[in-house]
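Spelled out, the chains give:
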Amino acid sequence: MGRLTRLVNVHPGPSITSFEQPDAGEALGRAEILISGWGCPRIDASVLDRAPKLRACIHAAGTVKKHLDPVVFERGITVSSAAAANAVPVAEYTLAALILGAKQTFARARVYADNPAQFAAAARADTGLMGCTVGVVGASRIGRLVLDRLRTFDVTALVHDPYLSPRDARRLGADLVDLDALCRRSDLVTVHAPALPETRHLIDGHRLGLLRDGAVLINTARGVLVDTDALTRHCKDGRISAVLDVTDPEPLPTDHPLLRMHNVFVTPHIAGAQGRELRRLGEFATAEVGRLLRGEPLLGAVQVHQLTVGA
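As recorded by an unreviewed UniProt entry, the chain carries the name Hydroxyacid dehydrogenase and is attributed to Dactylosporangium aurantiacum. Database annotation for the chain, UniProt heading Sequence similarities (unreviewed entry): "Belongs to the D-isomer specific 2-hydroxyacid dehydrogenase family."

What follows is the structure, given as structure tokens:
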């Protein structure tokens, strides 16, 4: 905030949580830049009509498609998102999940808690990340960060993304394959695709069935990408495991079987920026304001066509 106030005049009141609150009209009438975060109310034509001076929307969080109407772009307003900054902790969470999942950490911890006599139980021969094949579904910002981090490990990386060329995949350190082949060949599969109508249940019963025995599925993207009912069936007998930071529905009902399985580890959508990590988003947004004022290209610039691919 100190840096931001040295760049611009910041509205002195509390953060606006509704464009209907008493001071919103005056703030909108003066605003040239809007800085938004998670939970921002929808910015549509009616809001823009009250903000005649607005020239930029800087989102200090991830996707903008939930709160920005396409009319924002039609009116020539510059849009930026801190999605690249928010991708960092998600990639870090994913890497941790890959390492711990390959060790069967979550299942073995629960078994040990239930029966301390299992403390010295021998691990399976195929345990550990070394020598694994890791399949990355989606060469998104997060998917690319995961692939970059995997370069330091002794693994084979596969990637599936319909918009990625084999040459670009090789630059990312991975082999480009179709999704069925990725599921069939991978020891661990991590999902980083956007939630679109065509990606709903991308990982369905058929593809879960292709996973080899002992495989681990990790989802830090969106719950709808995985068929929850099918995943429940495939995890029930312990053939495969899952690490889920997102679910469908979200949250899961308290009595859902996935919450009780030894081989399934569910966290409450915490992979993205949390606590101290939020500073990275604020720093990114503040830096974007500086770049905007200096007439420099914005690092998080969003174009209207990106709204259809999860921007």
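K.L.:
Residue-level account of the UniProt feature "domain: D-isomer specific 2-hydroxyacid dehydrogenase NAD-binding" (unreviewed entry) in the chain, with values.
P.N.:
The UniProt entry lists residues 120-271 under the feature "domain: D-isomer specific 2-hydroxyacid dehydrogenase NAD-binding" (unreviewed entry), expressed in the numbering used here. Taken end to end, residues 120-271 comprises 25% helix and 18% strand; its first and last C-alpha atoms sit 31 Å apart.

K.L.:
Pulling in residues and values, what's your account of the pairing of strand E7 (residues 188-191)?
P.N.:
The two faces of the sheet receive side chains in turn, since in a regular strand these alternate between them. Burial along E7 is two-sided: the face carrying Leu 188 and Thr 190 and the face carrying Val 189 and Val 191 are both buried. Pairing of strand E4 (residues 133-137) with E7, which is carried by 4 bridges, proceeds in the parallel orientation. The partner of Val 137 across the bridge, within E7, is Val 191. The parallel pair E7 and strand E8 (residues 216-219) is bridged by helix H10 (residues 205-210), and the resulting crossover is right-handed.

K.L.:
Account for helix H5 (residues 83-102), naming residues and giving values.
P.N.:
Taking 1.5 Å of rise per residue, the 20 residues of H5 would be expected to cover 28 Å, and the 28 Å separating its terminal C-alpha atoms lies within 8% of that figure. Burial runs high along H5: 15 of the 20 residues are buried. Phi turns positive, to about 55°, at Gln 104, one or two residues after H5.

K.L.:
Mind laying out the sheet that holds strand E2 (residues 56-59), listing which residues take part and the relevant values?
P.N.:
In space, the 3 strands of this open sheet follow the order E1-E2-E3, with parallel pairing throughout. Edge strands, defined here as strands with exactly one partner in the open sheet, are strand E1 (33-36) and strand E3 (78-81). When the angles between neighbouring strand axes are averaged without regard to direction, this sheet yields 10°. Examined bridge by bridge, E2 and E3 share 4 bridges and lie parallel to one another. Paired with Ala 56 across the two strands is Thr 78, which belongs to E3.

K.L.:
Provide a residue-level description of the side chain of Thr 247, including the pertinent values.
P.N.:
Its place among the elements puts Thr 247 in the loop between strand E9 (241-244) and strand E10 (264-266). The exposure class assigned to Thr 247 is buried, which follows from its relative accessible area of 13%. Polar contacts involving the side chain of Thr 247 include one to the main-chain carbonyl oxygen of Pro 249, which spans 2.7 Å. Ignoring anything within four residues of it in the chain, the contact list for Thr 247 reads Gly 223, Leu 252 and Val 266.

K.L.:
Can you explain the pattern of salt bridges? Please cite residues and give values.
P.N.:
Counted by the stated rule, this structure contains 12 salt bridges. Here Arg 75 makes a salt bridge to Asp 49, at a shortest N to O gap of 2.9 Å. Taken together, the residues span a long stretch of sequence, with Arg 75 in the loop between helix H4 (71-74) and E3 and Asp 49 in helix H3 (residues 45-49) at a distance of 26 residues. For Asp 49, a relative accessible area of 52% puts it in the exposed group.

K.L.:
Could you give me a rundown of the packing of H5 against helix H7 (residues 141-150), with the residues and numbers involved?
P.N.:
Where H5 contacts H7, the two axes come as close as 8 Å, and the packing angle between them is 50°. The pairing of H5 with H7 is recorded here as oblique in orientation. When you trace H5 past H7, the crossing you get is right-handed. Across from Ala 83, Ala 84, Ala 87, Val 88, Val 90, Ala 91, Glu 92, Thr 94, Leu 95 and Leu 98 in H5, the residues of H7 making contact are Arg 141, Ile 142, Leu 145, Val 146, Arg 149 and Leu 150.

K.L.:
Tell me about helix H11 (residues 228-236), and please be specific about residues and values.
P.N.:
Along H11, the residues classified as buried are Thr 228, Ala 230, Leu 231, Thr 232, His 234 and Cys 235. Close packing links the buried residues of H11 with H10, E8, E9 and E10. For H11, the N-terminal cap is Asp 227; the gap from its side-chain oxygen to the backbone nitrogen of Asp 229 is 3.1 Å. Taken from the residues just after H11, Gly 238 is the one with a positive phi, measuring 80°.

K.L.:
Go over empty space enclosed by the protein, please, and point to the residues and values.
P.N.:
For the coordinates displayed, the defined rule picks out 2 cavities of 30 Å³ or more. Roughly 90 Å³ of volume is contained in the largest cavity. Lining of the largest cavity is provided by Leu 100, Gly 101, Gln 104, Thr 105, Phe 106, Ala 107, Gly 214, Val 216, Ser 241, Ala 242, Val 243 and Asn 263. Elements represented by at least two residues in the lining of the largest cavity include exactly H5, helix H6 (105-114) and E9. Taken together, the residues of the lining of the largest cavity sort by class into 6 nonpolar, 6 polar and no charged.

About the cut-offs
Residues numbered from 1 in each chain as written. Predicted model: local features only at pLDDT ≥ 70, side-chain atom pairs only at ≥ 80, totals over all residues. Heavy atoms only, no water. UniProt positions renumbered as here; feature names shortened; annotations may be inferred. Helix = DSSP H or I, 4+ residues; strand = E, 2+ residues; numbered from the N terminus. Buried < 20%, exposed > 50% of the residue type's maximum accessible area, 1.4 Å probe, protein only. Pairing = 2+ DSSP bridges. Right-handed = clockwise from strand over helix to strand, strands pointing away. Expected span 1.5 Å × (residues − 1). Axes fitted to C-alpha atoms, helices over the stretch in contact; angles between N-to-C directions. Polar contact = N/O pair within 3.5 Å; in protein donor to acceptor, adjacent residues only side chain to side chain. Contact = heavy atoms within 4.5 Å. Salt bridge = Lys/Arg side-chain N within 4 Å of Asp/Glu carboxyl O. Parallel < 35°, antiparallel > 145°, perpendicular 65-115°, else oblique. Left-handed = near helix turned anticlockwise from the far one by under 90°. 1 Å grid on protein atoms, 1.4 Å probe; cavity = no way out; pocket = protein on both sides within 12 Å on 5 of 7 lines; lining within 4 Å. Points joined across faces, edges and corners; volume = space filled by probe spheres on them. Nonpolar A, V, L, I, M, F, W, Y, C, P; charged D, E, K, R; others polar.

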